[in-house]
Number of protein chains: 2
Amino acid sequence: MKKSRRIIAEQEKVDKRDSLSQILNAAAVAFMENGFAATSIDTVADVLGSTKGKIYYHFKSKTDLFLAVHQDSMTQYVNAIERIALGGGTPEERLRGVLRALALQIMTRFAFSRVAVQGVELHMSRSTTPAQRKTLRSVIEMRDKGEQIFVDIIAEGVASGQFRRCEPRLIVKPMLGAMNWMTMWYRPRADETDESREALAASIIDYLIFGIRAEP
Amino acid sequence: MKKSRRIIAEQEKVDKRDSLSQILNAAAVAFMENGFAATSIDTVADVLGSTKGKIYYHFKSKTDLFLAVHQDSMTQYVNAIERIALGGGTPEERLRGVLRALALQIMTRFAFSRVAVQGVELHMSRSTTPAQRKTLRSVIEMRDKGEQIFVDIIAEGVASGQFRRCEPRLIVKPMLGAMNWMTMWYRPRADETDESREALAASIIDYLIFGIRAEP
DNA sequence: GTCTATAGCGGGATAGAC
DNA sequence: GTCTATCCCGCTATAGAC
């Protein structure tokens, strides 16, 4: 296996006895590299260290496998930021908290995060079964729920005067975009530490809170 | 042709006598919708209103076609921001100018912009000819050149004290990410005007300059 | 449960007509 | 220059062995 692929695959501490988790993880790594359409089930099997027979025993189709990865990614993400949003603190403290959770999610679950970003792009309108469409709808609902968490915190901060007057929905797009764009340029490295990840997250979050202008 | 596709295709005022531009435009629209791997040459031909014979007469392969669209997109973008960066004004004025040019580029050349974003993702390491690799290198160089323009303006503003003390390279990633992420949620609409586009660009740029915190 | 073998087809690319 | 017809490879998905 390629070195970069190994680093990313090893981010997930997968229970070696759980076939399903192993497959999801291998699929995330494979889809991450070349996208849904350009990734063959044989490639996923290669990453997994088996043949595609194993995959088709657990998943009905390539689309189902992709959606399962996508759903797993979104579930963990929304759970993480929801917990923080419901915790205490000022709007700014909570906004920093959810942004930090998103940044760390992207860095420490990189393959899954990239699949989630791809999934937003894919319509998959054609050739989807009703069951697949149902899964896709639930994933989109989770994404919207996650975005709403950010909107609510910002609206609260505007109401309290801590944030400047603005339309929260218009702020959320560039704010989350700046974070999600990490999936384009960031790549996990073997020599990373919790501290280096926190530092990177903090520098981005500071920018997203303060902007670039010097205090007058 | 689908309505949304028609709106986007008509953004480009293509010279009806120029086969090459017509093909590039049709390819951009097709690739925009489903990505490189999932788009067949027959689909591009459909958008073009011809058969794939015409396309293969002008382009050696699907990869060459994609790279031509990508190159066209990046060339226009870099030319646009370079002109503005070399003009006069304070660092903040010029930063606003290049951000505005990027935002308008994404909105008014939407299909090409989405291809450019995809292209960054595609490694295309396998099955590329030396000529293709050369094109890909030149496109990547253009992208880096564009990013450097932003870095330089920010560094200048930091030096002059107009911008807060920061590492320009770390600011540029989220700043451009916020803009490029528009390709994920923005969609051209038939009822748009120059004014509505300027307003949207301005709201994003204000956020990227000021951040979200109220003045203390 | 996982493997091997293969059916079936979509789509890239080409040859040759016009 | 553009179209039609076709070759052929690669990949999804399945059948059947173990």
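All values reported here derive from a predicted model rather than from experimental measurement. (Residues numbered from 1 in each chain as written. Chains lettered and ligands numbered in written order. Predicted model: local features only at pLDDT ≥ 70, side-chain atom pairs only at ≥ 80, totals over all residues. Heavy atoms only, no water.)

Visitor: Teacher, can you tell me more about the overall build of chain A here?
Guide: Broken down by element type, chain A carries 11 helices and 0 strands. If you list the helices and strands of chain A from N to C, you get α-α-α-α-α-α-α-α-α-α-α. Rg of the C-alpha trace for chain A: 19 Å, near the compact-globule value of 17 Å for 216 residues, within the 12% margin. In chain A, which comprises 216 residues, the proportion classed as buried is 51%. Across chain A, every contact between residues at least 6 apart in sequence was considered, and the portion connecting residues at least 24 apart equals 72%. When the accessible surface of chain A is summed, it comes to about 10,200 Å², and 52% of that surface belongs to carbon and sulfur atoms. Averaged over its 31 positive side-chain charges, chain A has a centre that lies 5 Å from the centre of its 26 negative ones. (Helix = DSSP H or I, 4+ residues; strand = E, 2+ residues; numbered from the N terminus. Rg over C-alpha atoms; globule rule 2.2 N^0.38 Å. Buried < 20%, exposed > 50% of the residue type's maximum accessible area, 1.4 Å probe, protein only. Contact = heavy atoms within 4.5 Å. Areas by Shrake-Rupley, 256 points an atom, 1.4 Å probe, with all protein chains shown as cover. Lys, Arg positive; Asp, Glu negative; His and termini not counted. Charge placed at Lys NZ, Arg CZ, Asp CG, Glu CD.)

Visitor: Even after reading the chapter, I still don't get the environment of L86(B), so can you show me in this structure?
Guide: Residues and elements named next belong to chain B. Counting through the fold element by element, L86 comes out in helix α5 (residues 62–86). You can call L86 exposed: its relative accessible area is 72%. L86 sits 56 residues away from M142 along the chain, and the two C-alpha atoms are 16 Å apart.

Visitor: What am I meant to see in the protein's contact with DNA strand C here?
Guide: Neighbouring DNA strand C are 14 residues, the closest being T51(A), I41(B), K52(B), Y56(B) and K62(B). Each atom of DNA strand C within 4 Å of the protein was assigned to sugar, phosphate or base; sugar and phosphate come to 64%. One nitrogen or oxygen atom from the side chain of T51(A) is found 2.8 Å from a phosphate oxygen belonging to DNA strand C. The element contributing the most residues to the surface near DNA strand C is helix α4 (residues 52–58) of chain A, with 4 residues. Tallied by class, the residues present in the surface near DNA strand C amount to 3 nonpolar, 8 polar and 3 charged. (Near = heavy atom within 4 Å. Polar contact = N/O pair within 3.5 Å; in protein donor to acceptor, adjacent residues only side chain to side chain. Nonpolar A, V, L, I, M, F, W, Y, C, P; charged D, E, K, R; others polar.)

Visitor: Honestly, the relation of the copies chain A and chain B in this entry has me stumped. Any pointers?
Guide: Once chain A has been moved 0.0 Å along the axis and rotated by 180°, it coincides with chain B to within an RMSD of 0.0 Å. This pairing of chains is accounted for by a two-fold axis. (Least-squares fit on C-alpha atoms with pLDDT ≥ 70 in both.)

Visitor: Help me understand the side chain of T39(A), please; the structure alone is not making it clear to me.
Guide: Residues and elements named next belong to chain A. Looking at where T39 falls in the secondary structure, it is placed in the loop between α2 (19–38) and α3 (41–48). Polar contacts involving the side chain of T39 include one to the main-chain carbonyl oxygen of A30, which spans 3.4 Å. Sequence-distant contacts of T39, that is, excluding residues within four places in its chain, are made with A30, F31, N34, V44 and K62.

Visitor: Sorry, what's going on with the packing of helix α6 (residues 91–108) of chain A against helix α11 (residues 194–210) of chain A here?
Guide: For any two helices packed against each other, the geometry comes down to the angle between their axes and how far apart the axes lie. All names here are of chain A. α11 packs onto α6 with a crossing angle of 135° between their chain directions and a minimal axis gap of 9 Å. In this view, α6 runs oblique relative to α11, as classed from their interaxial angle. Of the two possible hands of crossing, α6 and α11 adopt the one that is right-handed. Across the interface between the two elements, E92, L95, R96, L99, R100, A103, L104, M107 and T108 of α6 pack against R197, E198, L200, A201, I205, D206, L208, I209 and F210 of α11. Here the residues of the contact of α6 with α11 sort into 11 nonpolar, 1 polar and 6 charged. (Axes fitted to C-alpha atoms, helices over the stretch in contact; angles between N-to-C directions. Parallel < 35°, antiparallel > 145°, perpendicular 65-115°, else oblique. Left-handed = near helix turned anticlockwise from the far one by under 90°.)

Visitor: When you look at the interface of chain A and chain B in this model, what are you seeing that I'm missing?
Guide: For interface size, the figure often reported is the accessible area lost on association. Taken together, the 41 residues of chain A in the interface contact 41 residues of chain B. For the pairing of chain A and chain B, the buried interface totals around 4,100 Å² over both sides, and the portion due to carbon and sulfur atoms is 63%. Per-residue buried area on chain A facing chain B is highest for W181(A), Y207(A) and I212(A); these three make up 20% of the total on that side. Linking chain A to chain B there are 2 salt bridges. One salt bridge in this structure joins E92(A) and R213(B), with 2.8 Å as the shortest N-O distance. (Buried area = accessible area lost by both parts, 1.4 Å probe. Salt bridge = Lys/Arg side-chain N within 4 Å of Asp/Glu carboxyl O.)

Visitor: What is the right way to read the packing of helix α6 (residues 91–108) of chain B against helix α9 (residues 168–180) of chain B from this model?
Guide: Residue and element names in this part refer to chain B. Close contact between α6 and α9 brings their axes to 9 Å; oriented N to C, the two are set at 30°. When the axis of α6 is compared with that of α9, the two are roughly parallel. Along its contact with α6, which presents L95, L99, L102, A103 and I106, the element α9 presents M175, L176, M179 and N180.

Visitor: What exactly am I supposed to notice about the protein's contact with DNA strand D here?
Guide: In the vicinity of DNA strand D there are 15 residues, among which I41(A), K52(A), Y56(A), K62(A) and T51(B) approach most closely. A breakdown of the atoms of DNA strand D within 4 Å of the protein gives sugar and phosphate a share of 62%. Taking K62(A), its side chain carries an N or O atom lying 2.9 Å from a phosphate oxygen of DNA strand D. In this structure, a phosphate oxygen belonging to DNA strand D sits 3.2 Å away from a side-chain N or O atom of H58(B). Of all the secondary-structure elements, those providing two or more residues to the surface near DNA strand D are α3 and α4 of chain A together with α4 (52–58) of chain B. The leading source of residues in the surface near DNA strand D is α4(B), at 4 residues. Within the surface near DNA strand D, the residues separate by chemical class into 3 nonpolar, 8 polar and 4 charged.

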